[in-house]
Each structure stands twice: as structure tokens, then as C-alpha cells.
Amino acid sequence: MKLWGGRFTKPTNELVDEYTASIRFDQKLAQFDIQGSLAHVEMLAKCNIISDEDAATISKGLKVVAQKINAGEAELTEDNEDIHMNVEKLLIDEVGPVGGKLHTGRSRNDQVALDMRLYLRDALITLNQLLLNVQQSLYTQAKDNLDTVLPGYTHLQRAQPVLFGHHMMAYVFMFQRDMERLQDSWKRVNQSPLGAGALAGTSFPIDRHFVAEKLNFDGICDNSLDAVSDRDFVVEFLSNASLISVHLSRLCEELVQWSSAEFNFVELDDAFCTGSSMMPQKKNPDVAELVRGKTGRVVGNLIGMLTTLKGLPLAYNKDMQEDKEGMFDTVETLKGALALFAPMIETMDVKKENMYEAVAKDYSNATDLADYLVGKDLPFREAHAVVGQVVLHCINENKYLLDLKLEEFQEFSSLIEGDIYDVLSPKAVVNARNVAGGTARNRVEEQIEKAEKLFEASDEWIEKHAKQISVLIAE
Ligand code: ARG
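Just so it is clear, the model here is predicted, and its values are computed rather than measured.

Considering the site of the ligand
Here's step 1: Every residue lining the ligand is accounted for by Ser 22, Asp 82, His 84, Arg 108, Asn 109, Val 112, Tyr 316, Gln 321 and Lys 324.
Here's step 2: Take Gln 321: an N or O atom from its side chain is 2.9 Å from a nitrogen atom of the ligand.
Here's step 3: In the model, an oxygen atom of the ligand is placed 2.5 Å from a nitrogen or oxygen of the Lys 324 side chain.
Here's step 4: Looking at the shell around the ligand, the element that brings in the most residues is helix 6 (residues 108–144), giving three residues.
Here's step 5: Residues belonging to the shell around the ligand are distributed by class as follows: two nonpolar, four polar and three charged.
Here's step 6: Both domains that furnish three or more residues to the shell around the ligand are identified here as domain 1 (5–104) and domain 2 (109–201 + 222–353 + 447–468).

Pasting the structure below:
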């Protein structure tokens, strides 16, 4: 008989059991579910809703159930639908009918909302740490490449030279914003819905704040209907995760391009590439491609969740059970990608000479010739036109700007003098971008210093919040 079987006259159709059960995937919530139940039962005793003795029996039983589930010794069945009812059933098997007192003053609706929040809290900490590791790998490459010049691109056409360190730091700041978004979401995730009951609250004299404090929540959800219906925190997470995936995907695309024979700017370590079953010479950047490809499912999970929620009336609806697989999948997908990314970036061989060669063989110093003429008081628009002519001449002659003799330069403008060669060298071009946030070496060094401070702050955030969630259960 089902835990809720009282008002039914026949068993559910087998297909219904299979279709509606969530135990296949929500067993991931087991440890969080039991954490929540331990806090709930302690509160029930404190508020004299059940006796201390019953509470102690239930707590003990819950811990045994937790161990059994962890050890894979507990049987979780579709008959018992979801993790909440499976745990309750296992508890009753363990301690007898007194286990049936656990669910007093609680519904699966507030329980599942609680579990999702506990799960996400845990995931946020892990993801912050993994993101920080990725940032640090990029930072290390940046520090090692403060004199590595490569073409910077716009429209994927060579535009102006930049330091490879500058390029790496761009991603450090992208991932910084991603982390800050995750950290900011904490205050919305970390609110306790428990006590909202099925939808309206409960008639038992429970203490919601006590439970919230036990579980180290920052507060309680203010409205019971909202508490059981709200999945904003899931959407927000999936949205933040999508942006992380998009950032990773952009970097992946660059790694794929850079490691092609056409670019030949980096070589990914053998440990992070795979071969072809047919073409013996191949070394493929599969990890980068797959991380790029998995952006599809992460963004898909966001769209899926938004679509599920759209038009749902208050309060709980079974539709909301669809909140889980997408969120779990996104967490797992990101964890996998980020864990690979840090060592892949760290071990990447940067081919400094090839990058330099590419810069030497292009016209990305043309802006500097124009700026030089502006320095001689020629209006920028006229300077732009003059340099356009010089570049055209070079293209026709199969030359680069630095190949031109002074007399050739002077045919286009008498303002050009012998000092032009220093101005047009790749290093000079880079170091001329000496504006705050620019690619000049000292400006990149400033970014590196800034990043060090940000990393320290992230370390502190992680430590503080990891402590906050290391509650209960383990004892
Ligand atoms: N398995 C359900 C879910 O994940 C738990 C809540 C079920 N509540 C209910 N009233 N059927 O959403």
C-alpha cells in the first residue's frame, strides 16, 4: 500500500507509477532530504509536537537510513515514487510506526523545495571553487606571457597586436563576473521554505526559524504559497550557468582555432586531446569541442525550466518535478567542464614565436602609423586616408609597413621621419596602448594585481560559505 493509499480503492496502473515516479533522478537529493528531516524532527520535539524520545528514535533511524543509502544498501523503489517517500518508508522499516511521526507539519511540497535549495547551496560552493581554479590557470598563463605578442582580431581579421597575457586576462574577468553572479544568488537560494506545508502553512505550532537556523539558512521564505511554488532560484542558477557555458564555449572556440595548423598558436597537451580511429596523424581538441558543444544542453535546460514554469498557477503542481533533471544535468555538466579546463589551460604550450611571426606579417600596426601622423598634427581622418594608401601600396608590392624604406614612406607623407621604425615594431605598438585596461605590459600587470585581490576575496567567500553548509548528518 502507498503511503498515501488510504482514499484509493485500487492500485495505480504500473505505467503511471513508472511515469510519475522521480526516484530515478531525485535520489541525488537523499543526503539533503535527510539533513532537512533531522532539523525538522528536532524542531518537532523542541516545540512539544512529538516527544523527545520519539524524536531521538527518528533521528537515529534517519542516520541509519542515510548510511544505508550512501552504502548502496537501501532499496529505493518506484512504488515509493520519490526520495521523500522512500526515505520515510525506509525509516518506518527501521524504527517502526513511530517513524510515521516525522512528516507531522510538513508536506513533500515544502520538503522538495528545501532539498533543492540545500542541493544548490552545495553545488554553488563547488562551482565557485572550480571557477576559481580556471581563473588561476588563465592567470598563470597571463603571467607567463607578458611579452608574448599575437594579433588581436575584430571580425576575425587581424586588427591590432595584443599581449597574450591580456587575452588570457579577458577571460579571468569574464569568469569573475560569473562567480559574482553565483555568489550574489546565494542570498536568494539560502532561504528556508520548510513550514510552508502543502501550500498554506500548518496548524501545528512549529518554529520555522529554528529549522532555518539549524540548517544555516539566512532566513525563511515569507509567503507559504510562494515558498512551495518558487523555482526562481533554479532559473537564476540555470541562467548563470548558461553564461558560464557561453564564456567557456568562446574560449573553446579560440583553443580549437589556435591549435589548428592554420593558426598554430598553441598546442594542447596530449593528455587533453584524442586521436582519430582512421587518420593516424590526427590530434583533436575534443575536450574543447565537447565543452563548446555541451553549451547546447545547458542553455536547453534553462529554456526547459522557464517553459515548464510559464503559466503554472499557484501553488505546487506536479509539473514542477521537472525542475530536477535539468538542474542536476547542468551542475554535472559544468563540474565536468570546469574540472578539465584548469589543467588543460595550465598545460597548454603557447607558441610565442608563431604568434610573433603572425604579428610581424600583417598590417596591424597601421593604426599606429596613423596615430604617428596625428602626433604631427595631421587630422585623424586625413591620416587614416594616407595610411590606407600606404597599406594598399604594400599589398601591391607584397611588403609590410616595416619593409618600406624611409623614402617610400615619404612619398605618402613628408611628415614621416626616421623614428617611424621604432613606433611600428610590435612591442612598441602594444606598449603604446597604455591606457587603463589597455594591452601595454604595465596595464596587464595592473590587471594581474587586481586579479590577485579578487582571488583572495573568492577564497574567503568559499571558505565562509563552505563552513556555513557543513552541518549535521556526518555525526
Ligand atoms: N517528487 C515531487 C517533486 O519532485 C515531490 C513533491 C510531490 N508533491 C506532491 N504533492 N505530489 O516535485
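Continuing now.
A word on the packing of aromatic side chains
Here's step 1: For the structure on display, the rule yields ten aromatic pairs.
Here's step 2: When the ring centre of Phe 8 is taken as reference, the NZ or CZ atom of Arg 7 above it lies at 5.7 Å.
Here's step 3: Its end group placed over the ring of Phe 217, Arg 121 keeps NZ or CZ at 4.8 Å from the ring centre.

Some words on the packing of helix 3 (residues 30–46) against helix 5 (residues 83–95)
Here's step 1: For the pair helix 3 and helix 5, the least separation of the axes is 10 Å and the interaxial angle reads 65 degrees. Here helix 3 and helix 5 pass one another in a crossing that is right-handed. Contact residues: Ala 30, Asp 33 and Ile 34 in helix 3; Ile 83, His 84 and Val 87 in helix 5.
Here's step 2: Residue composition of the contact of helix 3 with helix 5, grouped by class: four nonpolar, one polar and one charged.

Details of the layout of surface pockets
Here's step 1: Volume-wise, the largest pocket comes out at about 440 Å³.
Here's step 2: If you go around the largest pocket, you meet 21 residues; those closest to its centre are Gly 152, Tyr 153, His 167, Tyr 171 and Glu 254.
Here's step 3: Contributing elements (two or more residues each) for the lining of the largest pocket: strand 1 (149–154), strand 2 (157–163), helix 7 (164–189) and helix 10 (232–258).
Here's step 4: Here the residues of the lining of the largest pocket sort into eleven nonpolar, seven polar and three charged.

Digging into the domain arrangement of the protein
Here's step 1: Taken domain by domain, the protein holds domain 1 (5–104), domain 2 (109–201 + 222–353 + 447–468) and domain 3 (366–424).
Here's step 2: If you average the C-alpha positions of domain 1 and of domain 2, the two centres end up 34 Å apart.
Here's step 3: At the junction of the two partners, domain 1 supplies 16 residues and domain 2 supplies 15 residues.
Here's step 4: Of the roughly 1,400 Å² buried between domain 1 and domain 2 on both sides combined, carbon and sulfur atoms contribute 64%.
Here's step 5: Applying the counting rule to domain 1 against domain 2 returns one salt bridge.
Here's step 6: At the junction of domain 1 with domain 2, the criterion picks out six residue pairs in polar contact (both at pLDDT 80 or more).
Here's step 7: Mapped by element, the contributors of at least two residues to the side of domain 1 that touches domain 2 are helix 2 (23–26) and helix 3.
Here's step 8: Among the elements that make up the side of domain 1 that touches domain 2, the one with the highest residue count is helix 3 (six residues).
Here's step 9: Per-class residue counts for the side of domain 1 that touches domain 2 are four nonpolar, eight polar and four charged.

Details of the pattern of salt bridges
Here's step 1: Tallying each qualifying case throughout the model produces 28 salt bridges.
Here's step 2: Residue Asp 17 is joined to Lys 2 by a salt bridge in which the shortest nitrogen-to-oxygen separation is 3.1 Å. Of this pair, Asp 17 sits in helix 1 (residues 14–20) while Lys 2 sits in the segment before helix 1; the two residues are 15 residues apart in sequence, bridging distant segments of the chain.
Here's step 3: Assessed through its relative accessible area of 12%, Asp 17 is described here as buried.
Here's step 4: Overall, the relative accessible area of 16% leaves Lys 2 in the buried class.
Here's step 5: Among the ionic pairs, Asp 207 bridges to Lys 46, the shortest N-O distance being 2.8 Å. In this pair, Asp 207 is assigned in the loop between strand 3 (191–192) and helix 8 (208–214) and Lys 46 in helix 3, connecting sequence segments 161 residues apart.
Here's step 6: Among the charged side chains, a salt-bridge network with shared partners connects Glu 81, Asp 82, Arg 108 and Lys 318.

Brief notes about the pairing of strand 1
The side chains of a regular strand alternate between both faces of the sheet.
Here's step 1: Bridge count between strand 1 and strand 2: six bridges; the pairing is antiparallel. Note that in strand 2 the partner of Val 149 across the bridge is Leu 163.
Here's step 2: With antiparallel pairing between neighbouring strands as the criterion, strand 1 and strand 2 make up a hairpin whose turn holds two residues, including His 155 at a positive phi of roughly 55 degrees.

Criteria and cut-off values
- Residues numbered from 1 in each chain as written.
- Predicted model: local features only at pLDDT ≥ 70, side-chain atom pairs only at ≥ 80, totals over all residues.
- Heavy atoms only, no water.
- Near = heavy atom within 4 Å.
- Polar contact = N/O pair within 3.5 Å; in protein donor to acceptor, adjacent residues only side chain to side chain.
- Helix = DSSP H or I, 4+ residues; strand = E, 2+ residues; numbered from the N terminus.
- Nonpolar A, V, L, I, M, F, W, Y, C, P; charged D, E, K, R; others polar.
- Domains from an automatic or database assignment.
- Phe/Tyr/Trp six-rings, centres within 6.5 Å; stacked < 30°, edge-to-face > 60°.
- Lys NZ or Arg CZ within 6 Å of the ring centre and 35° of its normal.
- Axes fitted to C-alpha atoms, helices over the stretch in contact; angles between N-to-C directions.
- Left-handed = near helix turned anticlockwise from the far one by under 90°.
- Contact = heavy atoms within 4.5 Å.
- 1 Å grid on protein atoms, 1.4 Å probe; cavity = no way out; pocket = protein on both sides within 12 Å on 5 of 7 lines; lining within 4 Å.
- Points joined across faces, edges and corners; volume = space filled by probe spheres on them.
- Buried area = accessible area lost by both parts, 1.4 Å probe.
- Salt bridge = Lys/Arg side-chain N within 4 Å of Asp/Glu carboxyl O.
- Buried < 20%, exposed > 50% of the residue type's maximum accessible area, 1.4 Å probe, protein only.
- Pairing = 2+ DSSP bridges.

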